[in-house]
Amino acid sequence: MTTVTGPSGASMAEVPEASAAGSAAGPVAPALSDLRPLTRWPRLTSAIPADPEVERRVAEIVAQLTLEEKVGQMIQPELAELTHEDLREYGIGSALNGAGIWPGDKRHATVEDWVDAIDGFWTAAEEHWKDRPFRIPFMWATDAVHGHNNVHGATIFPHNIGLGAAGDPDLVRRIGAATAREVAATGMDWIFAPTVTTPRDRHWGRYYEGYGEDPTLVHAYGRAMVEGLQGDGAALRTDEKVLATLKHWIADGGTENGGDRGTARCSEDVLRDIHAQGFLAGISAGAQSVMVSFSSWSNEANYDHSPHTGEPYNDKVHGSRYLLTDVLKDGLGFDGVVISDWDAHAEVAGCSAGDAGYAINAGLDVLMISGRDAWQSVHRTTVQYVRDGVVPLARIDDAVSRVLRAKMRAGLWEKPCPRERALARAETSVVGCAEHRTLSREAARKSLVLLKNTPGTLPLSRTARVLVTGSGADDLSKQCGGWTLTWQGDGLDHADLPGGVTLADAVRAIVGSERCTVDPALVHADPSDFDVAVVVMGEDSYAEMRGTLKPWRSLGYADLKLSYARDVEVLRRLKSAGLPAVGVFFTGRPLYCTEEINLSDAFVAAWLPGPYAEGITDVLFAPAEGAPAYDFQGRLPSSWPRTRDSAAVNRVPPHLPDYRVPEQETPPEGRHTPLFPVGHGLSLHDPVPDTGPLPLDVLRQAPPPPPADGPLRILDAAGSPYRLRIGGHNTWSRVDLALSGPTRCLIVHADPVPAETGTGLRLRFAGYPAFVYAESPTGTPEDLRGHLEAGAHVRFRVRVLEPPSAPLYLACHDDYPAQPGVNLAPSLREATPGEWTSVSAPLTTLFAAGMDLAHVDVPFMLYTEGTVLLEVADIGWSVP
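For clarity, every value in this text was computed on a predicted model and none was experimentally measured. (Residues numbered from 1 in each chain as written. Predicted model: local features only at pLDDT ≥ 70, side-chain atom pairs only at ≥ 80, totals over all residues. Heavy atoms only, no water.)

Some thoughts on the overall build of the protein chain
Here's step 1: Tallying secondary structure elements over the protein chain gives 25 helices and 31 strands in all.
Here's step 2: Relative to the compact-globule value of 29 Å for 880 residues, the protein chain shows a C-alpha radius of gyration of 27 Å, a close match.
Here's step 3: Counting only residues that meet the buried cut, the protein chain has 64% of its 880 residues in that class.
Here's step 4: Relative to all contacts within the protein chain whose residues are 6 or more apart in sequence, the contacts with residues 24 or more apart total 78%.
Here's step 5: In the structure as shown, the protein chain presents an accessible area of about 30000 Å², 52% of it carried by carbon and sulfur atoms.
Here's step 6: Here the protein chain holds 78 positive side-chain charges and 113 negative ones, and the gap between their average locations is 1 Å. (Helix = DSSP H or I, 4+ residues; strand = E, 2+ residues; numbered from the N terminus. Rg over C-alpha atoms; globule rule 2.2 N^0.38 Å. Buried < 20%, exposed > 50% of the residue type's maximum accessible area, 1.4 Å probe, protein only. Contact = heavy atoms within 4.5 Å. Areas by Shrake-Rupley, 256 points an atom, 1.4 Å probe, with all protein chains shown as cover. Lys, Arg positive; Asp, Glu negative; His and termini not counted. Charge placed at Lys NZ, Arg CZ, Asp CG, Glu CD.)

Here you go:
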């Protein structure tokens with residue numbers, strides 16, 4: 001490890017939202033509290049302390065529950081895999097709706113639809129207790145990570161990385177309060193937010209869910225958001241607050257190479273001082289729930305609590321008795337609910353989708369389980385484990401006590417059914433109300449970070465002739481990012497986000513349609529007809545899995561996709577034409593984009609600001625007469641990379657004078673000195689020295705490709721040398737696909753093909769985003785450019801039984817549509833139904849679509865969001 005001393009970067013504090021004359025147009029961001037190094041895990045004092053009467057009532061109910069009812073309180077199924085009869089039979093304690101799952105499968109389900117659905121489950125749960133001398137209220141949970149983002153018409157706020165740039169805990173507190181009101185108005189009780197990770201590698205696809213790399217900021221925001229969502233003990237019992245969840249415990253932002261569900265290899269000191277700070281603040285603020293991380297922690301302290309049973313413990317945090325019980329519960333004193341992530345118990349050694357015994361013994365209290373067969377199996381096996389003495393009854397009683405304690409603190413025994421609660425009955429719904437959207441606009445405005453401003457460029461005149469171009473010009477998905485109505489947030493339009501305003505819409509509203517032309521690809525407009533161009537660039541929307549960049553991928557924006565590279569071409573054309581350009585960058589993480597900055601006269605990091613782009617034009621344009629004049633308030637919450645490979649460069653934490661940069665991070669020095677440090681950001685009136693263009697990171701030439709050494713086997717009569725898997729919609733722990741028997745999950749059904757056709761698979765895609773793929777068993781990519789030079793094709797036999805209802809893509813990676821594919825649907829629809837035919841796709845076609853053949857870890861993948869039934873066999877890459 002490398003030792004680096006001394007902090008770098010400016011303070012995130014005391015950044016006002018000010019007018020040109022210096023008068024405050026908004027509150028001054030308060031200073032963030034200083035942190036101190038921790039030599040041990042501190043014992044915390046919660047803002048919602050233990051109440052002897054609550055403890056008495058909890059103990060009284062637990063003593064009267066059957067074992068089956070106790071386990072029922074620990075099971076949390078998903079909306080699509082739960083019935084009213086299940087609640088009557090099992091006494092289930094809670095349920096959730098996964099991203100992209102709506103009542104009646106209606107994408108635009110109304111608030112009334114949500115209330116009716118939840119009320120129905122609540123009522124069914126009540127029936128389980130009708131003959132008992134007590135009752136246990138049911139509660140509903142949801143992912144509300146940037147507003148009530150799964151509900152049509154709800155207010156969407158900027159993602160956390162943008163809120164981190166605002167440097168304003170009070171703003172976060174107000175957003176928490178607004179989100180709680182909207183969630184409560186739909187009859188829900190519990191949300192899975194805030195995410196208080198400290199992201200340390202820009203490869204990570206969930207980077208934007210963190211507030212930034214600075215643990216001081218995460219500490220301040222963790223407290224503020226919990227206070228906004230829950231309030232104090234009295235407020236939590238009202239109809240306007242919800243239970244908060246701190247996630248994901250712990251170090252999911254510190255995994256090696258930014259791997260989603262990867263492994264953190266840091267010391268326990270780094271775990272405490274960097275990755276725990278948001279949790280420490282949130283627990284102190286009274287958070288009643290903590291969600292566990294999918295990731296692992298490789299450290300000798302992370303012991304196997306049952307070394308003589310089953311396979312050895314694999315370091316998954318979900319199975320860590322040290323981190324869940326010894327540290328979180330016994331050390332910190334957390335007395336709330338420890339909940340698993342989606343099906344995450346299945347990734348713990350000794351567990352499976354239907355068996356969570358090892359993870360329960362580690363300290364899990366509630367198990368979030370998607371599939372119906374799986375949650376019923378977990379219920380059965382857990383009951384049997386208790387009877388066999390494998391899981392102590394005291395461990396079950398502890399879990400159930402924590403669930404009941406949280407429910408009592410939330411006042412659920414006193415609250416009526418969801419449809420009768422105050423906000424659900426309100427004549428005018430608070431969901432998506434004008435007050436909350438105004439708050440989101442304020443947050444977007446405060447989150448903008450001005451990285452460059454050539455004198456005289458900004459603010460823009462309200463009478464200017466403006467060309468709005470770039471891939472993000474008129475794209476709500478890029479603007480909002482993942483976890484927006486759907487899991488990945490892709491394909492959104494104005495109908496999906498009522499009141500949504502793209503940046504093109506916002507500019508047009510200011511200068512007028514006659515002076516604004518919107519041409520995202522710059523194929524129609526003549527630059528000479530305009531005074532200025534607003535070039536809107538940005539990442540396509542993504543959430544977990546899909547957004548993570550493999551370790552070998554560049555951080556260069558233009559390197560990541562052909563569509564991104566076209567944005568740079570637009571900037572080059574504008575530069576050649578002499579038209580001033582203002583770059584606006586939508587992104588979930590700092591990316592290398594130095595050429596884009598150099599080609600722009602002004603450049604703004606807008607993060608993922610949400611659907612109300614007026615917050616951006618509030619600052620880009622001069623104010624109307626008599627209106628407030630806003631300045632740029634945002635300051636970088638994370639270091640901005642100087643090179644394409646500066647993925648894990650972070651500021652040395654100022655509160656840790658003897659900090660040693662962990663091995664999985666890169667010291668912020670030499671060629672990896674950040675281009676812009678944490679805390680950097682300009683105002684409109686800062687003097688800007690003319691230092692010329694920023695230095696470019698020269699793209700290194702790839703070595704010559706190794707020659708093709710014959711055909712590449714993927715699936716044939718001898719089987720497959722690859723790991724066959726299913727991924728996609730809500731299949732967050734990807735499913736292994738067997739050649740020996742059927743594989744069943746929500747999104748794909750797979751069966752071996754009859755022997756006379758060779759070794760193959762029958763695949764039924766059920767109409768959800770889903771991909772079936774062959775993955776390297778080691779995860780190590782191969783350089784297969786030699787096959788390209790040799791003129792190879794991807795070939796396989798196919799028999800279409802039911803034609804595809806939507807595009808069906810062939811690709812050579814595992815993260816479509818984060819990366820491209822080639823649509824096979826037109827040719828498959830022309831195939832004779834029920835007859836075997838051959839598909840042959842030249843590698844030149846795949847390469848032209850943008851696939852990276854120098855790093856192939858998945859040589860074959862089929863992806864669709866529609867339905868199709870087909871059989872595939874004899875898959876491989878063939879060389880002429």
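Some details on the pattern of salt bridges
Here's step 1: Scanning all chains against the criterion turns up 69 salt bridges.
Here's step 2: The partner of Arg508 in a salt bridge is Asp505, and the shortest N-O contact between them spans 3.2 Å. Of the two residues, Arg508 and Asp505 both sit in helix α18 (residues 503-511), three residues apart, roughly one turn of that helix.
Here's step 3: With relative accessibility at 26%, the residue Arg508 sits in the partly exposed group.
Here's step 4: Where Asp697 meets Arg700, a salt bridge forms, and the shortest distance between an N and an O atom there is 3.4 Å.
Here's step 5: Its relative accessible area of 10% is what places Asp697 among the buried residues.
Here's step 6: By relative accessible area, which is 53% here, Arg700 ends up exposed.
Here's step 7: Through salt bridges with shared partners, a single network forms among Asp168, Asp170, Arg173, Arg174, Arg223, Glu227, Glu442 and Lys446. (Salt bridge = Lys/Arg side-chain N within 4 Å of Asp/Glu carboxyl O.)

Concerning the sheet that holds strand β4 (residues 139-142)
Here's step 1: A sheet is described by the order of its strands in space; here three strands give the open sequence β3-β4-β5, paired in parallel fashion. Each edge of the open sheet is held by one strand with a lone partner, namely β3 (94-97) and β5 (190-191).
Here's step 2: When β4 meets β5, the two strands line up parallel, connected through two bridges. Within β5, the position partnered with Ala141 by the bridge is Trp190. (Pairing = 2+ DSSP bridges.)

Description of helix α14 (residues 393-409)
Here's step 1: Counted at 1.5 Å a residue, the expected span for α14 with its 17 residues is 24 Å, and the 24 Å between its end C-alpha atoms agrees.
Here's step 2: With 13 of 17 residues buried, α14 lies mostly within the body of the structure.
Here's step 3: Looking one or two places after α14, you find Gly411, whose phi comes out positive at around 70°. (Expected span 1.5 Å × (residues − 1).)

Overview of the packing of helix α2 (residues 67-74) against α14
Here's step 1: Contact pair α2 / α14: the axes reach a minimum separation of 9 Å and the direction vectors enclose 55°. As summarised for this structure, α2 and α14 are arranged oblique, according to the angle between their axes. For the pair α2 and α14, the sense of crossing is left-handed. Residue-level inspection shows Leu67, Lys70, Gln73 and Met74 of α2 in contact with α14, the latter providing Leu393, Ile396, Asp397, Ala399, Val400, Val403, Leu404 and Lys407. (Axes fitted to C-alpha atoms, helices over the stretch in contact; angles between N-to-C directions. Parallel < 35°, antiparallel > 145°, perpendicular 65-115°, else oblique. Left-handed = near helix turned anticlockwise from the far one by under 90°.)

What about the packing of aromatic side chains?
Here's step 1: The tally for this structure, following the rule as stated, stands at 20 aromatic pairs.
Here's step 2: Judged by centre distance (5.2 Å) and plane angle (85°), the rings of Trp249 and Phe279 are edge-to-face. Of this pair, Trp249 sits in strand β6 (residues 245-249) while Phe279 sits in helix α10 (residues 277-284), and the two are 30 residues apart along the sequence.
Here's step 3: Using a relative accessible area of 0% as the deciding quantity, one classes Trp249 as buried.
Here's step 4: Ring plane angle 40° and centroid distance 5.7 Å describe the contact between Phe771 and Tyr773, whose orientation is recorded as tilted. The pair Phe771 / Tyr773 is uniform in exposure class, with both members buried. (Phe/Tyr/Trp six-rings, centres within 6.5 Å; stacked < 30°, edge-to-face > 60°.)

A closer look at unusual backbone geometry
Here's step 1: Cis geometry is found at the peptide bond from Ala193 to Pro194, where omega equals 10°.
Here's step 2: Relative to the assigned elements, Pro194 resides in the loop between β5 and α7 (215-230).
Here's step 3: Not every positive phi belongs to a glycine, and Ala251 is a case in point at roughly 70°.
Here's step 4: Residue placement: Ala251 occurs in the loop between β6 and β7 (263-264).
Here's step 5: Residue Ala251 is classed as buried on the basis of its relative accessible area of 2%.
Here's step 6: With phi around 50°, Leu522 is a residue other than glycine that occupies positive phi space.
Here's step 7: Judged by relative accessible area, which is 1%, Leu522 ranks as buried.

Digging into the state of the cysteines
Here's step 1: In this structure the tally under the stated criterion is zero disulfides.
Here's step 2: For the unlinked cysteine Cys516, the closest cysteine sulfur is that of Cys480, found at 19 Å.
Here's step 3: The exposure class of Cys516 is buried, given its relative accessible area of 7%. (Disulfide = S-S within 2.5 Å.)

Quick notes on the pairing of strand β12 (residues 449-453)
Here's step 1: Most of β12 sits out of view: four of its five residues are buried.
Here's step 2: Of the strand pairs in this sheet, β12 and strand β17 (residues 602-607) are connected by four bridges, and their pairing is antiparallel. Bridging across to β17, Leu450 finds its partner in Val604.

Points about the nonpolar core
Here's step 1: Core analysis: the largest hydrophobic core is formed by 131 residues, its most contacted members being Trp41, Phe138, Trp249 and Leu323.
Here's step 2: Those residues within four positions of Leu323 in sequence are excluded, and the remaining contacts are Trp249, Ile250, Leu271, Trp297, Val317 and Leu328.
Here's step 3: In this structure, Ile714, Leu810, Met851 and Val856 belong to the second largest nonpolar core, which totals 54 residues. (Core = buried A, V, L, I, M, F, W, Y, C linked by side-chain atoms within 4.5 Å.)

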